[in-house]
Amino acid sequence: MNTKVVKMNEDKMNINAIEEAAIIIKGGGLVVFPTETVYGLGANALDDKAVSKIFEAKGRPQDNPLIIHVADFNIKEYIKELPFIATKLMEEFWPGPITFILNKSDIVPLTTSAGLNTIGIRMPSNKIARELILKSGVPIAAPSANISGRPSPTEVERCIEDLSGKVEYILGGEGSNIGLESTILDCTVEPPCILRPGAITLEMLKEVKEDIYIDPAVMKMPSKELKPKAPGMKYRHYAPKAPLKIIRGDLKKTIAKVNEIVQNCIDKEKTVGIIATEETKSCYNNGIVLSLGSRKNLDVIAKNLFECLRAIDDKNVDLILSESFDELGIGIAIMNRLKKSAGFDILDV
Ligand code: TXA
Ligand code: MG
């Protein structure tokens, strides 16, 4: 399949290209588009056959449901009921990086929800995404635009790398502002439960409703007793090709431990990539060091995380070591993605 790629900015949208892409969506094809979280791989959410193509292109497990993306608040058609708290939180945080799980109506095919009676709905804030949804005239089902298991793409080049030849159209924008996928909040249960942490943090949600909690399976290694409620959270995920180990604890001790492991690897003629920060990057004696940004701004760390994982992979290292971050605010989402990338391989120092 020939993939057409058109790049643009949110401030300078190429409306012709968006219209062409919308025609593809209406015709049952696949379009990659930018969002503020990560790039999405979209198809008409109400078209069974179109949605199946998403699973095929990504190599996505059939039991992993998709999020549908809308451009306005008219979502009644797609759901059975809208709890008061969901309305309130949507008014507060939409358009933006939060997905609400609600009971779905019959017009949303079971292929989209992977057989579940619930559906995730999100209104992205990215203008290109919203224009595409509006022009398509249908809600767009879109997982992250990566091959299943790989880190989500925050740059259009990564989508091209993973999906060129597998989709009809790639709409390129700038790098994703947020860089981590949306917060997922299950509103079919009371109190509502965060199934995936993101840029809309627990603290921010608690300001609107005190009684909200995080699925306990989110930060721990999934097990028989502890199964995450979002099907997608159970897979090894966001995984770079080389094994990743997180070094957790006091920064000085972290640096010493990383230097020790790197030296051991050098002795065995192995190369190591180090995921560091502005504050620490000059403290490592050896290895390929990439900085996520300053520890003073966790939003920037979040924005750079997936791209950093992919960039370090491109260096073909044998092992990746990463510093860790406090699990507060967006730090919860950063650590959730890092732990999953590492397959929960954490060394406490
Ligand atoms: O920010 C985002 O949400 C991005 C952009 C493209 O919008 N999309 C995204 O989609 O991250 P995806 O497919 O990579 O992740 C969707 C997650 C999966 O973990 C899936 O299991 C969960 O959402 N999910 C979807 N529908 C669900 C449902 N009805 N119940 C529980 N979890 C659900
Ligand atoms: Mg994904």
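You'll find the structure just up there.
Scope of this entry: the structure provided in the associated data block. This structure is a prediction, so every number in the text was calculated from the model and none was measured. (Residues numbered from 1 in each chain as written. Chains lettered and ligands numbered in written order. Predicted model: local features only at pLDDT ≥ 70, side-chain atom pairs only at ≥ 80, totals over all residues. Heavy atoms only, no water.)

So, the state of the cysteines
Next, step 1: Applying the stated criterion across every chain yields a total of zero disulfides.
Next, step 2: Here cysteine 187 is not cross-linked by a disulfide; its sulfur's nearest cysteine counterpart is in cysteine 193, at 10.0 Å.
Next, step 3: This cysteine, cysteine 265, is not joined by any disulfide, and cysteine 308 carries the nearest cysteine sulfur, 18 Å off. (Disulfide = S-S within 2.5 Å.)

Some remarks on the packing of helix α5 (residues 156–163) against helix α8 (residues 298–314)
Helix packing geometry: the angle between the two helix axes and the distance between the axes.
Next, step 1: With their axes 11 Å apart at the nearest point, α5 and α8 run at an angle of 60° to one another. Considering the angle they form, α5 stands oblique to α8. For the element pair α5 and α8, the recorded crossing hand is left-handed. In this structure, α5 contributes Arg158, Glu161 and Asp162 to the contact, and α8 contributes Glu307, Arg310, Ala311 and Asp314. (Axes fitted to C-alpha atoms, helices over the stretch in contact; angles between N-to-C directions. Helix = DSSP H or I, 4+ residues; strand = E, 2+ residues; numbered from the N terminus. Parallel < 35°, antiparallel > 145°, perpendicular 65-115°, else oblique. Left-handed = near helix turned anticlockwise from the far one by under 90°. Contact = heavy atoms within 4.5 Å.)

What to know about the sheet that holds strand β15 (residues 319–322)
Next, step 1: Spatially, five strands are ordered β14-β13-β15-β12-β16 in an open sheet, and the strand pairing comes out parallel. Since the sheet does not close on itself, it has two edges, and those belong to β14 (288–291) and β16 (346–348), each with one partner. Adjacent strand axes in the sheet meet at a mean angle of 25°, parallel and antiparallel pairs treated alike.
Next, step 2: Examined bridge by bridge, strand β12 (residues 244–248) and β15 share three bridges and lie parallel to one another. Its bridge partner lying in β15, isoleucine 246 is registered against serine 322.
Next, step 3: Packing against the sheet, α8 makes contact with β12, β13 (272–276), β14 and β15, and its axis sits at approximately 160° to β13.
Next, step 4: Together, β12, β15 and β16 form the strand contacts of helix α9 (residues 331–341), whose direction differs from that of β12 by roughly 135°. (Pairing = 2+ DSSP bridges.)

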